[in-house]
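Structural description and commentary
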Amino acid sequence: MISAARKIAYEVLRRVEAEGAYASDLLHSELGARVKPEDAGLATELVMGVLRWRRLLDFLLERQLKKPVARLDLPVALALRIGLYQLRFLERIPPRAAVNESVELVKISRKTSAATLVNAVLRRAADEARVPATKFVPQDTPVAERLGILHSHPTWMVERWLKRLGEEQTIALLEANNRAPRLSCALHDVTRRDEIFAALQGAGLRVEPGNILQSAFAVSGGSPTRTESFRTGAISIQDEASQTVPLLLDTRSGDRVLDLCAAPGGKTPPLIRAAGAKGTVVAADRHAHRLRAMREQFKRLALTQVRLVELDAASPLPFGILFNRILVDAPCSGTGTLARHPEIRWRLNPEQLAEFHALQTSLLRSALQQVAPGGRLVYSTCSMEPEENERVVDEVLRGTNGFQRDITNEAARSLKDKLLPGFKAEILFDSNGYFHTTPSALQTDGFFAAVISRT
């Protein structure tokens, strides 16, 4: 008999590998009200844990297998990873249960012939489960390779970060990427804080304050989407750094605002509220189905003052007006979200960074043409890579007249009344005026932003 949690975890991991789906989306659809909270918790732990630690798990398994895990049939590889993750990381799971249920997983996947192999490999792994993994990595292994194995990241990614950040900061980032991220939420009316927090606690959730913003908080112990506060639009789920980015625009009542790459729509609501009834807000995306999902979200939030437009933002834009405020939250590699979306680290390759750079420069060039004199544009990504961040902004501004980047921390000053008491906005900006957050420093996703004004 296989537990519901392990069945769900196996199926989600299978689809992540076979279909290129995202684990968080699949878990959201699989873990409905019919699934017991304890099963939902274990399924999430297994899925995210196996994805985060895949490289280390495969390294340890290959010691027993004497061949690459990649050469195994997918059901067999997944059963071994799920089993070994429990043996290595979940002390509350009896080793016998971890081994036996992994054997049953290959059986129900019609790979009965591999049951003996899975049983033997995991039993041997159980015997050495308490031995630190460092004991198995040869001492002469190059530092990037060693860190990549022990912290379960691709070597090429570790090499980049070592070169730019140094070993201490790189290790801190790797460790942060392997921790479960905070489940951060946005409070849409801070004057109702006490009332909403009491309602969430009454629903069984634990509530903690944010690390940056007055309007941010974190929850644990359950799903906020099942609460009345979420259903009525009082709160939304959103990373705290992501909440901060649209505030850099300093949108005012009556502004004309363009959110150029708006889906999934989390950054648009504060722009709508700030522009008010006298303002104009256009939210654009190239995919119609994502715009439909945004429309449903805006209904939940009771936001009607927005126009949704389907367009390819890398091409010349079709608008006959200029905008006072433009947000370009560009498609990117997502290397700032590896704790939340661990599968990205196994899908991304370094060559793709050049492809993202080309798209991002096109998006920024198009957007700059729509900025009104005296207007402000914010370019942002959830990437940690210079090719997608500083180099995009520098390249585009070098070839475009009439714009200047904010290097005086004017954007920092516009955040002042939104930040937690005592939090210094300057922490979020580097010496060149670029906005940065890192998972290791603030328990947020890694975000980058540049503020550009039309002179």
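Described in the following lines is the structure provided in the data block.

Another point: the layout of surface pockets. Counted as a void, the second largest pocket has a volume near 570 Å³. Residue lining of the second largest pocket: 25 residues in total, with Ser 215, Leu 247, Pro 270, Arg 273 and Lys 418 positioned closest to the centre. The set of elements that each furnish at least two residues to the lining of the second largest pocket consists of β1 (183–187), α13 (240–244) and α14 (268–275). Top contributing element to the lining of the second largest pocket by residue count: α14, with five residues. Broken down by class, the residue content of the lining of the second largest pocket amounts to ten nonpolar, nine polar and six charged.

This part covers the packing of aromatic side chains. Within the structure shown, the criterion is met by seven aromatic pairs. Here Phe 319 and Phe 323 contribute two aromatic rings whose centre-to-centre distance is 5.4 Å and whose plane-to-plane angle is 85°, an arrangement assigned as edge-to-face. The pair Phe 319 / Phe 323 is uniform in exposure class, with both members buried. Ring centres of Tyr 379 and Phe 448 lie 6.4 Å apart, and the angle between their planes is 70°; this geometry places the pair in the edge-to-face category. With a gap of 69 residues between them, Tyr 379 in strand β9 (residues 371–381) and Phe 448 in strand β12 (residues 447–454) connect regions that are remote in the sequence. Phe 448 gets classed as buried once you look at its relative accessible area, which sits at 0%. Of the aromatic side chains, those joined through ring pairs into one cluster are Trp 53, Tyr 85 and Phe 89. Here the basic side chain of Arg 300 rests over the ring of Phe 230, its NZ or CZ set 3.8 Å away from the ring centre.

We now examine the environment of Arg 365. Looking at the secondary structure, you find Arg 365 in helix α17 (residues 351–368). A residue is classified by how much of its surface remains accessible, and Arg 365, at 37% relative accessible area, is partly exposed. Taking the C-alpha atoms as reference points, Arg 365 and Ser 315, 50 residues apart in sequence, are found 9.3 Å from one another. Residues within four places of Arg 365 in sequence aside, it is in contact with Glu 395 and Val 396.

Viewed as axis vectors pointing N to C, helix α5 (residues 74–89) and helix α7 (residues 115–127) meet at an angle of 20°, and their least axial separation amounts to 10 Å. By the angle class used here, α5 and α7 are roughly parallel. Handedness of the crossing formed by α5 with α7: right-handed. Here Val 76, Ala 79, Leu 80, Gly 83, Leu 84 and Leu 87 of α5 lie close against α7, whose contacting residues are Leu 117, Val 118, Val 121, Leu 122, Ala 125 and Ala 126. Residues that form the contact of α5 with α7 fall into these classes: eleven nonpolar, one polar and no charged.

Let's shift gears to the packing of helix α9 (residues 155–165) against helix α10 (residues 167–177). Running from N to C, α9 and α10 point in directions that differ by 135°, and their axes come no closer than 7 Å. The angle between α9 and α10 places the two elements in the oblique class. For α9 against α10, the interelement crossing comes out right-handed. Between α9 and α10, the residues in contact are Val 158, Trp 161, Leu 162 and Leu 165 and Glu 167, Gln 169, Thr 170, Leu 173, Leu 174 and Asn 177, respectively. Looking at the contact of α9 with α10, its residues break down into six nonpolar, three polar and one charged.

Now for the pairing of strand β8 (residues 323–329). Where burial is concerned, most of β8 is hidden: seven out of the seven residues are buried. Sheet topology note: the strand β5 (residues 256–259)/β8 ladder contains three bridges and is parallel. Within β8, the position partnered with Leu 258 by the bridge is Ile 326. Summarising the sheet, β8 and β9 pair through six bridges and their orientation is parallel. Considered in β9, the bridge of Asp 329 is made with Ser 380.

Once that is clear, we can look at the pattern of salt bridges. Working definition: two side chains of opposite charge can pair if their charged atoms are close together. This structure, assessed with the given rule, holds 26 salt bridges. Among the salt bridges present, the one from Arg 340 reaches Asp 445, with a minimum N-O distance of 3.2 Å. Of this pair, Arg 340 sits in the loop between β8 and α16 (344–347) while Asp 445 sits in the loop between α20 (439–442) and β12, and the two are 105 residues apart along the sequence. Within the structure, one salt-bridge network assembled from shared partners comprises Arg 160, Arg 164, Glu 385, Glu 387 and Arg 391.

Here we come to the pairing of β1. Judged by how many residues are buried, β1 sits mostly within the fold: four of five residues are covered. Bridging between β1 and strand β4 (residues 235–237) involves three bridges; their strand directions are antiparallel. Bridge assignment links Leu 187 to a residue of β4, and that residue is Ile 235.

Looking now at the side chain of Ser 366. Inspection of the secondary structure assignment puts Ser 366 in helix α17. In this structure the side chain of Ser 366 is engaged in a polar contact, spanning 3.2 Å, whose partner is the backbone oxygen of Ser 315. Leaving out residues up to four positions away in the same chain, Ser 366 has contacts with Ala 313, Ala 314, Ser 315, Pro 316 and Leu 317.

Here we take up the sheet that holds β1. Strands pair in a sheet through their backbones, by hydrogen bonds, and they do so in one of two ways: parallel or antiparallel. If you walk across this open sheet you meet the four strands as β2-β3-β1-β4, and the pairing is antiparallel. In the strand order of this sheet, the two ends are held by β2 (206–209) and β4, each with one partner. Geometrically, the sheet is characterised by an average inter-axis angle of 35° between neighbouring strands, direction not taken into account.

The next subject is helix α8 (residues 143–150). Among the eight residues of α8, six are classified as buried, and the element is accordingly described as predominantly covered. Of the residues making up α8, those classed as buried are Ala 144, Arg 146, Leu 147, Gly 148, Ile 149 and Leu 150. Structurally, α8 contributes buried residues whose contacts are with α4 (54–65), α9 and α10. Once α8 ends, the next one or two residues include Ser 152, with phi positive near 55°.

Calculation notes
All residue numbers here refer to positions counted from 1 along the written sequence of the relevant chain. In keeping with the predicted nature of the model, local features appear solely for residues at pLDDT of at least 70, side-chain atom pairs appear and are counted solely at 80 or more, and the whole-chain, interface and lining totals rest on all residues. Water and hydrogen atoms play no part in the side-chain values, which are based on all heavy atoms of the structure. For each structure, a 1 Å grid was placed over the protein atoms alone; sets of points admitting a 1.4 Å probe that cannot get out are labelled cavities, open sets with protein on both sides within 12 Å along at least five of seven lines are labelled pockets, and lining residues have an atom within 4 Å of a point. Grid points are joined across faces, edges and corners, and a volume is the space filled by probe spheres set on the points. Helix and strand assignments come from DSSP, with helices taken as H or I runs of at least 4 residues and strands as E runs of at least 2, each series counted from the N terminus. Classes in brief: Ala, Val, Leu, Ile, Met, Phe, Trp, Tyr, Cys and Pro nonpolar; Asp, Glu, Lys and Arg charged; the others, Gly included, polar. Side-chain rings of Phe, Tyr and Trp, where Trp is taken by its six-membered ring, are said to pair if the distance between their centres is within 6.5 Å; with planes under 30 degrees apart they count as stacked, over 60 as edge-to-face, and otherwise as tilted. Exposure is judged per residue with a 1.4 Å probe applied to protein chains only, and the accessible area is read against the type maximum: over 50% gives exposed, under 20% gives buried, and values in between give partly exposed. Two conditions define a charge sitting above a ring: the NZ of Lys or the CZ of Arg must be within 6 Å of the ring centre, and it must be within 35 degrees of the ring normal. Contacts are assigned to residue pairs that have any heavy atoms within 4.5 Å of one another. Only the stretch in contact is used when a helix axis is fitted, and all axes are lines through C-alpha atoms; the angle between N-to-C directions ranges over 0 to 180 degrees. The labels follow the angle: roughly parallel below 35 degrees, roughly antiparallel above 145, roughly perpendicular from 65 to 115, and oblique for the rest. The crossing is said to be left-handed when, going from far helix to near helix, the turn is anticlockwise and less than a right angle, and right-handed when the turn is clockwise. By the convention used here, strands pair only if DSSP detects at least 2 bridges between them. In the sections that follow, a salt bridge refers to a side-chain nitrogen of Lys or Arg positioned within 4 Å of a carboxyl oxygen of Asp or Glu. As used in this structure description, the phrase polar contact means that two N or O atoms lie within 3.5 Å; if the pair is within protein, one of them must be able to donate a hydrogen and the other to accept it, and residues adjacent in sequence are counted only when both atoms belong to side chains.

Everything listed here is a matter of geometry and, on its own, says nothing about what the molecule does.
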